[in-house]
Amino acid sequence: MAPDPQRKDVTLRPGDYAVGDAHCCMRTVLGSCVSITLWHPRRRIGAMSHFLLAARPASAGRELDARYGEDALALMLRDLATAGVPAQECEAKIFGGGNMFPEQDSPHAMHVGRRNGEAARGLLLARHIAVHSESLFGIGHRQIIFDVASGDVWARQIHPTPSNFTPMDHS
(Lines give C-alpha, C1' and ligand atoms only; values in the text may rest on other atoms or scores of the structure.)
Protein backbone atom coordinates (compact mmCIF):
# COMPACT_ATOMS: atom_id res chain seq x y z
CA MET A 1 0.00 0.00 0.00
CA ALA A 2 1.42 3.37 -1.00
CA PRO A 3 1.83 6.00 1.74
CA ASP A 4 -0.86 8.67 1.91
CA PRO A 5 0.79 11.99 0.94
CA GLN A 6 -2.02 13.85 2.75
CA ARG A 7 -1.57 11.87 5.98
CA LYS A 8 -1.33 14.05 9.05
CA ASP A 9 0.00 12.70 12.35
CA VAL A 10 -1.08 14.65 15.43
CA THR A 11 0.43 14.11 18.87
CA LEU A 12 -1.69 15.42 21.72
CA ARG A 13 -0.05 16.74 24.86
CA PRO A 14 -1.92 17.18 28.13
CA GLY A 15 -4.63 19.81 27.65
CA ASP A 16 -4.82 19.35 23.87
CA TYR A 17 -7.62 18.21 21.60
CA ALA A 18 -7.82 17.76 17.84
CA VAL A 19 -10.39 17.19 15.12
CA GLY A 20 -9.42 15.60 11.82
CA ASP A 21 -10.56 13.73 8.74
CA ALA A 22 -9.69 10.31 7.31
CA HIS A 23 -6.12 11.45 6.55
CA CYS A 24 -5.45 12.02 10.24
CA CYS A 25 -3.92 9.80 12.89
CA MET A 26 -3.90 11.06 16.49
CA ARG A 27 -1.84 9.76 19.38
CA THR A 28 -1.08 10.47 23.01
CA VAL A 29 0.26 8.95 26.22
CA LEU A 30 -2.00 9.00 29.27
CA GLY A 31 -1.44 8.49 32.97
CA SER A 32 -4.27 9.68 35.21
CA CYS A 33 -5.44 11.87 32.33
CA VAL A 34 -8.30 10.71 30.10
CA SER A 35 -8.82 10.73 26.36
CA ILE A 36 -12.22 10.71 24.71
CA THR A 37 -12.35 9.84 21.02
CA LEU A 38 -15.40 10.64 18.90
CA TRP A 39 -15.77 9.19 15.42
CA HIS A 40 -18.41 9.59 12.74
CA PRO A 41 -18.42 6.34 10.74
CA ARG A 42 -20.03 7.64 7.55
CA ARG A 43 -18.12 10.94 7.33
CA ARG A 44 -14.85 9.49 8.73
CA ILE A 45 -14.24 12.56 10.85
CA GLY A 46 -13.02 12.23 14.40
CA ALA A 47 -11.93 14.12 17.48
CA MET A 48 -9.66 13.27 20.38
CA SER A 49 -8.93 14.92 23.71
CA HIS A 50 -6.29 14.59 26.42
CA PHE A 51 -7.68 16.18 29.57
CA LEU A 52 -6.06 16.44 32.99
CA LEU A 53 -9.00 17.06 35.30
CA ALA A 54 -12.72 16.35 35.07
CA ALA A 55 -13.91 19.91 35.74
CA ARG A 56 -12.41 23.34 35.98
CA PRO A 57 -11.89 24.87 39.40
CA ALA A 58 -14.15 27.75 40.39
CA SER A 59 -11.16 30.09 40.17
CA ALA A 60 -10.53 29.33 36.47
CA GLY A 61 -11.47 31.80 33.75
CA ARG A 62 -14.59 31.58 31.62
CA GLU A 63 -12.92 30.68 28.31
CA LEU A 64 -13.13 26.98 27.38
CA ASP A 65 -9.96 25.13 28.33
CA ALA A 66 -9.24 21.60 27.03
CA ARG A 67 -7.31 20.75 30.21
CA TYR A 68 -10.74 20.06 31.77
CA GLY A 69 -12.97 17.22 30.59
CA GLU A 70 -16.20 19.18 30.33
CA ASP A 71 -14.49 21.90 28.30
CA ALA A 72 -12.52 19.47 26.12
CA LEU A 73 -15.74 17.72 25.14
CA ALA A 74 -17.48 21.05 24.47
CA LEU A 75 -14.60 22.16 22.22
CA MET A 76 -14.59 18.86 20.32
CA LEU A 77 -18.37 18.97 19.82
CA ARG A 78 -18.19 22.60 18.69
CA ASP A 79 -15.56 21.81 16.06
CA LEU A 80 -17.40 18.68 14.91
CA ALA A 81 -20.63 20.68 14.57
CA THR A 82 -18.74 23.25 12.47
CA ALA A 83 -17.77 20.34 10.19
CA GLY A 84 -21.43 19.29 10.00
CA VAL A 85 -21.08 16.26 12.31
CA PRO A 86 -23.92 15.70 14.80
CA ALA A 87 -22.61 14.55 18.19
CA GLN A 88 -25.26 11.85 18.65
CA GLU A 89 -24.11 10.14 15.43
CA CYS A 90 -20.58 9.74 16.80
CA GLU A 91 -19.12 6.63 18.39
CA ALA A 92 -17.25 7.41 21.60
CA LYS A 93 -14.36 5.57 23.21
CA ILE A 94 -12.73 6.44 26.54
CA PHE A 95 -9.16 5.71 27.65
CA GLY A 96 -6.86 6.39 30.58
CA GLY A 97 -7.58 7.23 34.18
CA GLY A 98 -4.70 5.14 35.43
CA ASN A 99 -3.68 5.18 39.05
CA MET A 100 -0.15 6.54 38.95
CA PHE A 101 0.54 6.27 42.70
CA PRO A 102 -1.16 3.09 43.95
CA GLU A 103 1.15 2.85 46.95
CA GLN A 104 -0.26 6.15 48.23
CA ASP A 105 -3.93 5.11 48.06
CA SER A 106 -6.09 5.05 51.10
CA PRO A 107 -8.96 2.53 51.03
CA HIS A 108 -11.61 5.26 50.82
CA ALA A 109 -9.92 7.68 48.39
CA MET A 110 -10.94 8.04 44.75
CA HIS A 111 -7.78 8.92 42.81
CA VAL A 112 -7.81 11.60 40.14
CA GLY A 113 -7.69 9.06 37.29
CA ARG A 114 -10.86 7.36 38.46
CA ARG A 115 -12.61 10.75 38.85
CA ASN A 116 -11.55 11.64 35.30
CA GLY A 117 -12.82 8.36 33.84
CA GLU A 118 -16.14 8.50 35.68
CA ALA A 119 -16.58 12.12 34.58
CA ALA A 120 -15.96 11.19 30.93
CA ARG A 121 -18.66 8.53 31.12
CA GLY A 122 -21.09 10.99 32.67
CA LEU A 123 -20.35 13.76 30.17
CA LEU A 124 -21.03 11.45 27.22
CA LEU A 125 -24.14 9.98 28.82
CA ALA A 126 -25.53 13.48 29.45
CA ARG A 127 -25.15 14.27 25.72
CA HIS A 128 -26.62 10.92 24.59
CA ILE A 129 -23.38 9.88 22.88
CA ALA A 130 -22.96 6.10 22.84
CA VAL A 131 -19.76 4.73 24.35
CA HIS A 132 -18.61 1.86 22.13
CA SER A 133 -15.59 0.83 24.17
CA GLU A 134 -13.31 1.92 26.95
CA SER A 135 -9.97 1.08 28.51
CA LEU A 136 -10.01 2.78 31.89
CA PHE A 137 -8.34 2.65 35.26
CA GLY A 138 -5.79 0.12 36.43
CA ILE A 139 -2.21 1.07 37.16
CA GLY A 140 0.24 2.74 34.78
CA HIS A 141 0.37 4.64 31.52
CA ARG A 142 -1.45 3.99 28.26
CA GLN A 143 -0.27 4.72 24.75
CA ILE A 144 -3.23 5.58 22.49
CA ILE A 145 -3.37 5.74 18.68
CA PHE A 146 -6.57 6.82 16.87
CA ASP A 147 -6.82 6.16 13.12
CA VAL A 148 -9.59 8.45 11.94
CA ALA A 149 -9.91 6.66 8.57
CA SER A 150 -11.12 3.44 10.22
CA GLY A 151 -12.23 4.66 13.65
CA ASP A 152 -9.87 2.12 15.23
CA VAL A 153 -8.20 3.08 18.48
CA TRP A 154 -5.29 1.06 19.81
CA ALA A 155 -4.42 1.21 23.48
CA ARG A 156 -1.41 -0.32 25.17
CA GLN A 157 -1.22 -0.17 28.94
CA ILE A 158 2.26 -0.01 30.42
CA HIS A 159 2.40 -1.22 34.00
CA PRO A 160 5.14 0.27 36.14
CA THR A 161 7.86 -2.23 36.95
CA PRO A 162 11.39 -1.79 38.23
CA SER A 163 12.62 -2.44 34.67
CA ASN A 164 10.70 0.65 33.45
CA PHE A 165 12.96 2.87 35.53
CA THR A 166 16.57 3.85 35.02
CA PRO A 167 18.65 4.12 38.20
CA MET A 168 20.01 7.58 38.85
CA ASP A 169 23.47 8.13 40.27
CA HIS A 170 23.13 10.59 43.11
CA SER A 171 26.86 10.94 43.80
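Each remark here, short or long, concerns the structure printed above.
Throughout what follows, the structure given in this document is the object of discussion. Computed from a predicted model, the values in this text were never measured in an experiment. (Residues numbered from 1 in each chain as written. Predicted model: local features only at pLDDT ≥ 70, side-chain atom pairs only at ≥ 80, totals over all residues. Heavy atoms only, no water.)

Overview of the pattern of salt bridges
Within the structure shown, the criterion is met by nine salt bridges. Its salt-bridge partner being Glu89, residue Arg42 comes within 3.6 Å of it at the nearest N-O pair. Remark: Glu89 occurs in the loop between α1 (69-82) and β6 (91-96) and Arg42 occurs in the loop between β4 (34-40) and β5 (45-49); sequence separation between them is 47 residues. Classification of Glu89 as partly exposed rests on a relative accessible area of 39%. Sharing partners across several salt bridges, the network here consists of Arg114, Glu118, Arg121 and Glu134. (Salt bridge = Lys/Arg side-chain N within 4 Å of Asp/Glu carboxyl O. Helix = DSSP H or I, 4+ residues; strand = E, 2+ residues; numbered from the N terminus. Buried < 20%, exposed > 50% of the residue type's maximum accessible area, 1.4 Å probe, protein only.)

Points about helix α2 (residues 112-126)
Here α2 spans 21 Å end to end across 15 residues, near enough to the 21 Å set by a 1.5 Å rise per residue. Those residues of α2 lying buried are Gly113, Asn116, Gly117, Ala120, Leu123 and Leu124. Projected down its long axis, α2 carries its buried residues within an arc of 125 degrees, all on one side. Looking at α2, the residues exposed on the side facing more than 90 degrees away from the buried face are Leu125 and Ala126. Packed against the buried residues of α2 are β4, α1, β6 and β7 (131-136). Positive backbone phi, at 60 degrees, marks His128, one or two positions downstream of α2. (Expected span 1.5 Å × (residues − 1). Arc of directions from axis to C-beta. Contact = heavy atoms within 4.5 Å.)

Describing the nonpolar core
Counting 24 residues, the largest nonpolar core has Ile36, Leu38, Leu73, Leu80, Leu124 and Ile129 as its most contacted members. When residues of this core are traced back to their parent elements, those giving at least two are β4, β5, α1, β6 and α2. With six residues, α1 is the single largest residue contributor to this core. Val10, Leu30, Cys33 and Val148 belong to the second-largest nonpolar core, a separate cluster that totals 14 residues. (Core = buried A, V, L, I, M, F, W, Y, C linked by side-chain atoms within 4.5 Å.)

Some thoughts on the sheet that holds strand β1 (residues 8-11)
Strands sit in the order β1-β3-β8-β9 across an open sheet of four strands; the sheet is mixed. Looking along the sheet, the strands with just one partner apiece sit at the ends: β1 and β9 (152-158). On average, adjacent strands in this sheet sit at an angle of 15 degrees to one another, irrespective of strand direction. (Pairing = 2+ DSSP bridges. Axes fitted to C-alpha atoms, helices over the stretch in contact; angles between N-to-C directions.)

Remarks on α1
With 14 residues, α1 should cover 20 Å at 1.5 Å per step; its first-to-last C-alpha distance of 20 Å lies within 8% of that length. Regarding α1, the residues found buried are Gly69, Asp71, Ala72, Leu73, Leu75, Met76, Leu77 and Leu80. At its buried positions, α1 is contacted by β2 (17-20), β4, β5 and α2.

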